[in-house]
Amino acid sequence: MTLIEKYSNKEVPFRFNGVNLSFFLSQYLFSSYSVDNGTKLLLKTIAKEINFSKLHSVADIGCGVGIIGLSLKKKYPALNVTLQDRDALALSFSKENALRNKLKDINYIGDLALEGFEKNSQNLIISNLPAKAGEPVLQDFINRSLLYLTVAGI
């Protein structure tokens, strides 16, 4: 029995900017029964506000099951997408969800936020960080993100 078979409680369809995807979810990871509203709003907002044709690299930090990064890769296949999460189960789900959605050439980092990235290497750093992390943690993440963005990075 694979980790996905053991820990998946649901598979949900998801549509991002005209592209259909499907994600396995787990009761042991965030948003275990549906794609959460914060993630939907974040993806909807960046689809309107960001010109992805000018981006090369995207880092999805705290990727969970991979909804943000994999949705972007599906819509914009030329993107160099890195999914990062400190949770091995989350990365396993991200990898399985990439296979499920026929996505290749994705980088995975199992480490704390932003560890393992080269400075000035990312055009976009995106995350649906939990508000419960608290303002000091969120502010630290934003400040440290600046080190890893290119000059025109977002």
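Below is a short write-up of the structure. (Residues numbered from 1 in each chain as written. Predicted model: local features only at pLDDT ≥ 70, side-chain atom pairs only at ≥ 80, totals over all residues. Heavy atoms only, no water.)

Counting residues in hydrophobic clusters, the biggest one holds 33 residues, and the most contacted among them are F52 and L72. Of all elements in the fold, only β1 (8–16), β2 (19–26), α2 (37–49), α3 (67–75), β4 (80–84), α4 (88–100) and β6 (124–126) reach the threshold of two or more residues within this core. With 5 residues, the single largest contributor to this core is β2. Not counting the four nearest positions on each side in its chain, L72 is found in contact with F16, L43, I46, F52, V58, L79 and L124. Counting 9 residues, the second-largest nonpolar core is a separate cluster that includes A59, I109, L114 and F141. (Core = buried A, V, L, I, M, F, W, Y, C linked by side-chain atoms within 4.5 Å. Buried < 20%, exposed > 50% of the residue type's maximum accessible area, 1.4 Å probe, protein only. Helix = DSSP H or I, 4+ residues; strand = E, 2+ residues; numbered from the N terminus. Contact = heavy atoms within 4.5 Å.)

Let's shift gears to the packing of α2 against α3. Relative placement of two packed helices is described by the angle separating their axes and the distance separating the axes. In the contact formed by α2 and α3, the axes pass within 10 Å of each other and the chain directions differ by 35°. The crossing of α2 and α3 is right-handed. Together, T39, L42, L43 and I46 of α2 and I67, I68, S71 and L72 of α3 make up the contact between the two elements. When the residues that make up the contact of α2 with α3 are grouped by side-chain class, the tally is 6 nonpolar, 2 polar and no charged. (Axes fitted to C-alpha atoms, helices over the stretch in contact; angles between N-to-C directions. Left-handed = near helix turned anticlockwise from the far one by under 90°. Nonpolar A, V, L, I, M, F, W, Y, C, P; charged D, E, K, R; others polar.)

To continue, consider helix α5 (residues 135–148). Under the 1.5 Å per step criterion, the end-to-end length of α5 is 21 Å for 14 residues, consistent within 8% with the ideal 20 Å. Of all the residues in α5, the buried ones are F141, S145 and Y148. The arc enclosing the buried residues of α5, seen along the axis, measures out at 55°, which places them on a common side. The outward face of α5, more than 90 degrees from its buried face, is lined by the exposed residues E135, P136 and L146. In this structure, the buried residues of α5 make contact with β3 (57–61) and β6. (Expected span 1.5 Å × (residues − 1). Arc of directions from axis to C-beta.)

Right, let's talk about the pattern of salt bridges for a bit. For the structure shown, the criterion picks out 2 salt bridges. Salt-bridge contacts for E11 lead to R100; the nearest nitrogen and oxygen are separated by 2.4 Å. Here E11, found in strand β1, pairs with R100, found in helix α4; they are 89 residues apart in sequence, far enough to count as distant. The class of E11 is partly exposed, set by a relative accessible area of 33%. D140 is the partner of R144 in a salt bridge, and the nearest nitrogen-oxygen pair spans 3.1 Å. One end of the pair, R144, and the other, D140, are both in helix α5, 4 residues apart, so they sit about a helical turn from each other. Judged by relative accessible area, R144 falls into the partly exposed class, the value being 25%. Exposure remark for D140: the relative accessible area of 38% places this residue in the partly exposed category. (Salt bridge = Lys/Arg side-chain N within 4 Å of Asp/Glu carboxyl O.)

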